[in-house]
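Descriptive structure summary
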Amino acid sequence: DAKTTQPTSMDCAEGRAANLPCNHSTISGNEYVYWYRQIHSQGPQYIIHGLKNNETNEMASLIITEDRKSSTLILPHATLRDTAVYYCIVRGDGSSNTGKLIFGQGTTLQVKP
Amino acid sequence: DTAVSQTPKYLVTQMGNDKSIKCEQNLGHDTMYWYKQDSKKFLKIMFSYNNKELIINETVPNRFSPKSPDKAHLNLHINSLELGDSAVYFCASSQAGLDNEQYFGPGTRLTVT
């Protein structure tokens, strides 16, 4: 499974867009980019995922570069409740197609008033 | 209308005891998982079941034994508990396939004294 690199922490002003980058330069063609977040003392929460195209849902947008080596999660109007650890995960077939999620350290996003 | 539920939420026990954590999902998913989050906040997959069949078994001591009586339940039994087993255990479920997100339960905080 491909590995990801994320900044350890980021700050964002409330009401502004939060842009969280992720590098996954060794991603394979059949591997998806997933984003989850974990708010303090809660279970991880699914945000969004994509393969090649940009994706948008009610929570966020996912921008994947054309070469698929990096992506950006965009929270369009961050609120204090978006303060959490955000995990970028490449979920792939590899040799086993098990679908397991491999969590890294993630990015701790602090939304400030 | 809880999607993925776990019981108990907190579990405090002594070394050497045997304990179980229960997980139930009402999403109609066919795949369930157990993850462990240690004190350093790293989330790691332990097991995965698809249609009651074990498909992922990471390097976990054989004191840990998952049991899936049906597709909606995946229980985790731990024998001879050790101090190092103290962690938060998360259950998750999904439909099979790489293009399907996993939904996590609220977690069970296990403390071994």
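Structure shown above.
So, a few notes on the structure that sits alongside this text. (Residues numbered from 1 in each chain as written. Chains lettered and ligands numbered in written order. Predicted model: local features only at pLDDT ≥ 70, side-chain atom pairs only at ≥ 80, totals over all residues. Heavy atoms only, no water.)

**As for the overall build of chain B**
Which entries qualify depends on this criterion: Each helix is a run of H or I in the DSSP string that is no shorter than four residues. Each strand is a run of E no shorter than two, and both are numbered from the N terminus. What the globule rule says is 2.2 Å times the number of residues to the power 0.38, and the radius of gyration is computed from C-alpha atoms. Each residue gets one of three labels from its accessible area relative to the maximum for its type: buried under 20%, exposed over 50%, partly exposed in between, using a 1.4 Å probe on protein chains only. A contact between two residues is defined here by any heavy atoms of the two lying within 4.5 Å. Note on areas: these come from Shrake-Rupley sampling with a 1.4 Å probe, and a residue is covered only by the protein chains present in the view. Note that His is not counted, nor are the chain ends; the positive residues are Lys and Arg, and the negative ones are Asp and Glu. The atom standing in for a charge is NZ when the residue is Lys, CZ when it is Arg, CG when it is Asp and CD when it is Glu.
Scanning chain B from terminus to terminus reveals zero helices and eleven strands. Tracing chain B from N to C terminus, the helices and strands come up as β-β-β-β-β-β-β-β-β-β-β. What you see for chain B is a C-alpha radius of gyration of 13 Å, in line with the 13 Å of a compact globule of 113 residues. Looking at chain B as a whole, 46% of its 113 residues qualify as buried. In chain B, of all internal contacts separated by at least 6 residues, the share reaching a separation of at least 24 is 54%. Accessible surface for chain B amounts to roughly 5600 Å². Of this, 48% is attributable to carbon and sulfur atoms. A gap of 8 Å separates the mean positions of the 12 positive and 12 negative side-chain charges of chain B.

**Notes on the packing of aromatic side chains**
As a reminder, the rule being used: Each aromatic pair joins two rings of Phe, Tyr and Trp (for Trp, the six-membered one) with centres within 6.5 Å, and gets the label stacked for planes under 30 degrees apart, edge-to-face for over 60, and tilted for any other angle. In this scheme, Lys NZ or Arg CZ marks a charge over a ring once it lies within 6 Å of the ring centre and within 35 degrees of the ring normal.
According to the stated counting rule, one finds twelve aromatic pairs over all chains in the structure shown. Their ring planes at 40° and their centres at 6.2 Å tell us that B:Tyr33 and B:Tyr35 sit as a pair that is tilted. A cation sits over an aromatic face here: A:Arg91 above A:Tyr34, 5.3 Å from the ring centre.

**Remarks on the state of the cysteines**
How we decide: The criterion for a disulfide is a pair of cysteine sulfur atoms lying within 2.5 Å.
One pass over the structure, following the stated rule, counts two disulfides over all chains. Each sulfur in the disulfide pair A:Cys22 and A:Cys88 lies 2.1 Å from the other. For the disulfide bridge between A:Cys22 and A:Cys88, the dihedral angle about the S-S bond is near -80°, and by the sign convention the bridge is left-handed. Placement of A:Cys22 in strand β2 (residues 18-23) and of A:Cys88 in strand β8 (residues 84-91) is noted, with a sequence separation of 66 residues between them. Taking relative accessible area as the criterion, A:Cys88 reaches 1% and is therefore assigned buried. One disulfide in the model links B:Cys23 with B:Cys91; its S-S distance is 1.8 Å. Around the S-S axis, the bridge from B:Cys23 to B:Cys91 shows a dihedral of about -75° and counts as left-handed.

**What to know about the nonpolar core**
Put simply, the test is: Buried residues of nine kinds, namely Ala, Val, Leu, Ile, Met, Phe, Trp, Tyr and Cys, make up a nonpolar core once their side-chain atoms join them within 4.5 Å.
Within the largest apolar cluster, 21 residues are counted, with the highest numbers of intra-cluster contacts made by A:Trp35, A:Leu73, A:Tyr86 and A:Leu109. For this core, the secondary structure elements donating two or more residues are β2, β3 (32-38), β4 (45-50), β6 (61-64), β7 (70-75), β8 and β9 (107-112) of chain A. In terms of residue count, the dominant contributor to this core is β8(A) (four residues). Counting 20 residues, the second-largest nonpolar core is a separate cluster that includes B:Phe47, B:Leu74, B:Ile78 and B:Leu81.

**Looking at the environment of A:Ile47**
Residue and element names in this part refer to chain A. Note that Ile47 resides in strand β4. What makes Ile47 buried here is its relative accessible area of 1%. Along the backbone, Ile47 and Leu73 are 26 residues apart, and their C-alpha atoms lie at a distance of 9.3 Å. For Ile47, the residues in contact, after removing those within four places along its chain, are Trp35, Tyr36, Arg37, Asn57, Met59, Ala60, Leu73 and Tyr86.

**A look at the sheet that holds strand β5 (residues 55-56) of chain A**
Residues and elements named next belong to chain A. We count it as follows: The rule for pairing is simple: two strands pair if DSSP sees at least two bridges between them.
The four strands lie next to each other as β2-β7-β6-β5, forming an open sheet whose pairing is antiparallel. The two strands at the open ends of the sheet, each matched to only one other strand, are β2 and β5. Strand direction decides the pairing type here: β5 and β6, joined by two bridges, are antiparallel. Bridge assignment links Glu55 to a residue of β6, and that residue is Leu62.

**A look at the interface of chain A and chain B**
Stated formally: What counts as buried area is the accessible surface, traced by a 1.4 Å probe, that two parts surrender upon association, with contributions from both included. Note on definitions: salt bridges are taken to be side-chain nitrogens of Lys or Arg within 4 Å of carboxyl oxygens of Asp or Glu.
In this complex, chain A contributes 23 residues to the contact, which on the side of chain B involves 20 residues. Of the roughly 1700 Å² buried at the junction of chain A and chain B (both faces included), carbon and sulfur atoms supply 56%. For the chain A face of the interface with chain B, the top three residues by lost area are A:Arg91, A:Lys100 and A:Phe103, together amounting to 26%. Between chain A and chain B we count zero salt bridges in total.

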